[in-house]
Number of protein chains: 2
Amino acid sequence: MAVTYLSEQVSFGQYHQNIIDQVTTRLEEGLPGSWQIPSSLREAMQYSLMAGGKRMRPLLVMAACEALEGNMDAALDAACAVEMVHTYSLIHDDLPAMDNDDYRRGKLTNHKVFGEATAILAGDALLTHAFYLVAQMSGAYGIPAERVVEITMDLSELSGPRGMVGGQAADMEGEQGLTELSQLEYIHLHKTSDLIMFSLLAGGRIAGADAAKLEALRMFGRKLGLAFQIQDDILDIVGDESKLGKKTQSDIKQEKVTYPYFIGLEASRDEVLRLTKEAKAAVLEADFSNPSRLLEIADYLMHRDH
Amino acid sequence: MAVTYLSEQVSFGQYHQNIIDQVTTRLEEGLPGSWQIPSSLREAMQYSLMAGGKRMRPLLVMAACEALEGNMDAALDAACAVEMVHTYSLIHDDLPAMDNDDYRRGKLTNHKVFGEATAILAGDALLTHAFYLVAQMSGAYGIPAERVVEITMDLSELSGPRGMVGGQAADMEGEQGLTELSQLEYIHLHKTSDLIMFSLLAGGRIAGADAAKLEALRMFGRKLGLAFQIQDDILDIVGDESKLGKKTQSDIKQEKVTYPYFIGLEASRDEVLRLTKEAKAAVLEADFSNPSRLLEIADYLMHRDH
């Protein structure tokens, strides 16, 4: 299936919706009915994959690949892989032993519907299958095996013990109370930025980005991820519950320290602006042939209200 | 580090112990102290990796690679990868929501020591890091990237929703009562054989095995894994608790259906003999240059009493 390539002609909103639709379709195809998978496991995987969301990480994979005019069919599979990793992390984070959440995006969490055991396994299965989607890009789209190996290493590093899982573990350790902003930054960088960074690197590597462009994508991802998380902290204080689809003030109620807690609301807003500006500068300096969507994403995330 | 290559000169028992020692050392090195990993997560990962066991899957990776005189340093890393996947599966299986076990091999289970949340994350981290160990074989040992991609696909397929996780999910679905031997075989094949099959394929692929030899290794793994699991079912009835390091009769007490339940103890023993014989025949027919350790492993597993 060729990916519809509408980028030039459409607004950012339409571009985003187009990618949401393509990713959702591809995720549904991603576990073919012909594969023998126990029904409870399959349903639990599909349930959380289809729970919606902004598909921000897929958006970044696609935009990074498009910035270098790479193979967009391969990028769509990498986009689905990163969405599977993100989804698994949400399923496990919501478990009673972790954040113990009953709802996410207005829907019951995975373990509330399928039970804890199946939710744990669905998370495990999504994480494992993400690596399959990455590995098959070589045979399916002719992406050189060396690049696929590098994407695999990135995914494992940035979502594993030194990356996203490490950030989650540090977040839990920190529930006894963080005392320094640098500790919070460590958590945000790993829990959030690392997978965002992976998304950008994957898109870039598929398109054969050189070392300088990969470094620019890495910097863009690091700063954008941090800005995204600080914006989340801000929206938890000043956001509109109906737009966010969740209760605000939850950080304060749970006595969670956040950026506004350490430096105040206004300085946090300034930090989002500064990081977004620096992220865009990193991309602009690196001479991509088609960077406009990356820049639009940065602006979109900075101005989002949910 | 060159892997000590003692195979020719030593008994099978010494060979096995040598591999146990090498894998244990490499697993300890596998999470360098220089890597920033939250301490609770690092300790939980190490705790279960160092909990011992027969290291049967690593043994199979090494023996398969040795059967074709492949790169044994790379095989050792693949061996550690499969041990990480096996270890993660045990940590998650032991959780209260799953089998709710307090002890494994005479030691407290991971969640009893570190808490459920850290145990879930330690499992996630081990699974994720296993893919890193596989991917880095290309740069570290010059294994062609195409082979590394194939090993990655195998690992994801055989440990994911169609493989080991699928087997675990089917096992849980089946707790309401299996009625046919074919259902139990499905569970055994995926829960146990698939990762054993992966171990053999990984060793073979590192050594550049051709399609016929890979098929022989696949067949060897399938039959050996099934024999291994039936032997487990038998030992649960007739085994010696002090040798097994766990209580016997647990399947009967938990009303778990097993091979002996369906076909009786003697027919189960015959099945182990038949499967082991067929497994060895598959290897013997495929003309490996150095198959003796693979054959010895098959005999060892058939005669084991723990």
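Residues numbered from 1 in each chain as written. Chains lettered and ligands numbered in written order. Predicted model: local features only at pLDDT ≥ 70, side-chain atom pairs only at ≥ 80, totals over all residues. Heavy atoms only, no water.

As named in an unreviewed UniProt entry, chain A is Polyprenyl synthetase family protein, taken from Paenibacillus dokdonensis. As recorded by UniProt, the Sequence similarities (unreviewed entry) comment attached to chain A reads in full: "Belongs to the FPP/GGPP synthase family." Its UniProt record, at the heading Cofactor (unreviewed entry), says of chain A: "Mg(2+)". (UniProt positions renumbered as here; feature names shortened; annotations may be inferred.)

**Q** Any chance you could break down the overall build of chain A for me, citing the residues and the numbers?
**A** A tally of regular secondary structure across chain A gives 16 helices and 2 strands. In terms of overall dimensions, chain A is globule-like: its C-alpha atoms have a radius of gyration of 19 Å, near the 19 Å expected for 306 residues. If one aligns the C-alpha atoms of chain A with their principal axes, the spans along those axes are about 50 × 50 × 35 Å. For chain A, buried positions account for 60% of its 306 residues. (Helix = DSSP H or I, 4+ residues; strand = E, 2+ residues; numbered from the N terminus. Rg over C-alpha atoms; globule rule 2.2 N^0.38 Å. Buried < 20%, exposed > 50% of the residue type's maximum accessible area, 1.4 Å probe, protein only.)

**Q** Before we move on, can you summarise the pattern of salt bridges with the specific residues and values?
**A** Once their charged atoms are close, side chains differing in charge can pair, the charge on each being opposite to the other. Going through the model one piece at a time under the given rule, you end up with 36 salt bridges over all chains. Taking the shortest distance from any N to any O, the salt bridge between Asp299(A) and Lys280(A) comes out at 2.9 Å. Of this pair, Asp299(A) sits in helix α16 (residues 292-303) while Lys280(A) sits in helix α15 (residues 265-285); the two residues are 19 residues apart in sequence, bridging distant segments of the chain. Of the charged contacts, one joins Arg205(B) and Asp154(B) as a salt bridge, the two residues approaching to 2.6 Å between their closest N and O atoms. Here Arg205(B), found in helix α10 (residues 181-206), pairs with Asp154(B), found in helix α8 (residues 145-159); they are 51 residues apart in sequence, far enough to count as distant. (Salt bridge = Lys/Arg side-chain N within 4 Å of Asp/Glu carboxyl O.)

**Q** Run through the interface of chain A and chain B, naming residues and quoting values.
**A** One frequent convention defines the size of an interface as the accessible area lost when the parts assemble. In this assembly, 49 residues from chain A lie in contact with 49 residues from chain B. Buried area between chain A and chain B, summed over both chains or domains, comes out near 4,200 Å², and the portion from carbon and sulfur atoms is 73%. Our count for the chain A to chain B interface comes out at 0 salt bridges. Along the contact surface separating chain A from chain B lie 10 residue pairs in polar contact (both at pLDDT 80 or more). For the side of chain A that touches chain B, the secondary-structure elements that each account for two or more residues are α2 (39-49), α4 (72-94), α6 (116-135), α8 (145-159) and α9 (164-173) of chain A. Here the element with the most residues in the side of chain A that touches chain B is α6(A); it accounts for 13 residues. Across the side of chain A that touches chain B, the residue classes tally to 28 nonpolar, 15 polar and 6 charged. (Contact = heavy atoms within 4.5 Å. Buried area = accessible area lost by both parts, 1.4 Å probe. Polar contact = N/O pair within 3.5 Å; in protein donor to acceptor, adjacent residues only side chain to side chain. Nonpolar A, V, L, I, M, F, W, Y, C, P; charged D, E, K, R; others polar.)

**Q** If you had to explain the packing of aromatic side chains to someone new, which residues and values would you point to?
**A** As enumerated under the stated definition, the model contains 11 aromatic pairs over all chains in all. One aromatic cluster is present, built from ring pairs that chain together Phe12(A), Tyr15(A) and Tyr300(A). (Phe/Tyr/Trp six-rings, centres within 6.5 Å; stacked < 30°, edge-to-face > 60°.)

**Q** Any details on the relation of the copies chain A and chain B? Residues and values, ideally.
**A** It takes a turn of 180° to lay chain A on chain B, together with a shift of 0.0 Å along the axis; the resulting RMSD is 0.0 Å. The two molecules are tied by a two-fold rotation axis, judged by turn and shift. Within chain A, the C-alpha atom positioned nearest to the axis of rotation is that of Ala145(A), 2.7 Å from it. Of all interface residues in chain A, 100% are interface residues in chain B too; the two copies therefore contact each other through one and the same surface. (Least-squares fit on C-alpha atoms with pLDDT ≥ 70 in both.)

**Q** Help me get a handle on unusual backbone geometry, residues and values and all.
**A** Keep in mind that most residues, glycine aside, have a negative phi and that most peptide bonds are trans. Residues and elements named next belong to chain B. We note that Glu69 has phi near 55°; this positive angle belongs to a residue other than glycine. Mapped onto the secondary structure, Glu69 falls in the loop between α3 (56-67) and α4 (72-94). Here the phi dihedral of Arg105 falls at roughly 50°; this positive angle occurs in a residue that is not glycine. Within the secondary structure, Arg105 is located in the loop between β1 (103-104) and β2 (107-108).

**Q** Please provide a residue-by-residue account of the environment of Gly115(A), values included.
**A** For Gly115(A), the position within the fold is in the loop between α5 (110-114) and α6. Remark: the alpha-carbon pair of Gly115(A) and Ala44(A), spanning 71 residues in sequence, is separated by 9.5 Å.

**Q** Give me the environment of Gly221(B): which residues, what numbers.
**A** Residue and element names in this part refer to chain B. Considering the arrangement of structural elements, one finds Gly221 in helix α11 (residues 211-238). By relative accessible area, which is 0% here, Gly221 ends up buried. Along the primary structure Gly221 and Thr192 are separated by 29 residues, whereas in three dimensions their C-alpha atoms are 9.8 Å apart. Contact partners of Gly221, with chain neighbours within four places excluded, come to Ser193, Ile196, Met197 and Leu200.

**Q** Quick one: what's the story with the packing of α10(B) against α11(B), residue by residue and with numbers?
**A** Residue and element names in this part refer to chain B. Following both chains from N to C, one finds α10 and α11 inclined at 140°, their axes separated by 7 Å at the closest point. Between α10 and α11, the interaxial angle falls into the category oblique. As for how α10 packs across α11, the hand of that crossing is right-handed. Contact residues: α10 offers Glu185, His188, Leu189, Thr192, Ser193, Ile196, Met197, Leu200, Leu201, Gly204 and Arg205, while α11 offers Leu214, Leu217, Arg218, Phe220, Gly221, Arg222, Gly225, Leu226, Phe228, Gln229 and Asp233. (Axes fitted to C-alpha atoms, helices over the stretch in contact; angles between N-to-C directions. Parallel < 35°, antiparallel > 145°, perpendicular 65-115°, else oblique. Left-handed = near helix turned anticlockwise from the far one by under 90°.)

**Q** Which residues make up the packing of α6(A) against helix α9 (residues 164-173) of chain B, and what values go with them?
**A** Packed helices, taken two at a time, are described by the angle between their axes plus the distance between the axes. Contact pair α6(A) / α9(B): the axes reach a minimum separation of 10 Å and the direction vectors enclose 165°. Considering the angle they form, α6(A) stands roughly antiparallel to α9(B). Where α6(A) crosses over α9(B), the handedness of that crossing is left-handed. Contacts from Ala117(A), Thr118(A), Leu121(A), Asp124(A) and Ala125(A) of α6(A) reach α9(B) at Val165(B), Gln168(B), Ala169(B) and Met172(B). A breakdown of the residues in the contact of α6(A) with α9(B) according to their chemical character gives 6 nonpolar, 2 polar and 1 charged.

**Q** Account for the side chain of Asp124(A), naming residues and giving values.
**A** Along the polypeptide, Asp124(A) turns up in helix α6. No salt bridge is formed by the buried Asp124(A), whose closest oppositely charged neighbour, Lys191(B), lies at an N-O distance of 12 Å. Apart from the residues lying within four places of it in its own chain, the contact partners of Asp124(A) are His92(A), Tyr88(B), His92(B), Asp124(B), Leu127(B) and Val165(B). (Lys, Arg positive; Asp, Glu negative; His and termini not counted.)

**Q** Explain α9(B) to me, and be specific about the residues and the numbers.
**A** In terms of burial, α9(B) is a largely internal element, 9 of the 10 residues being buried. Of the residues making up α9(B), those classed as buried are Met164(B), Val165(B), Gly166(B), Gly167(B), Gln168(B), Ala169(B), Ala170(B), Asp171(B) and Met172(B). As for α9(B), its buried residues are in contact with α2 and α6 of chain A together with α4, α8 and α10 of chain B.

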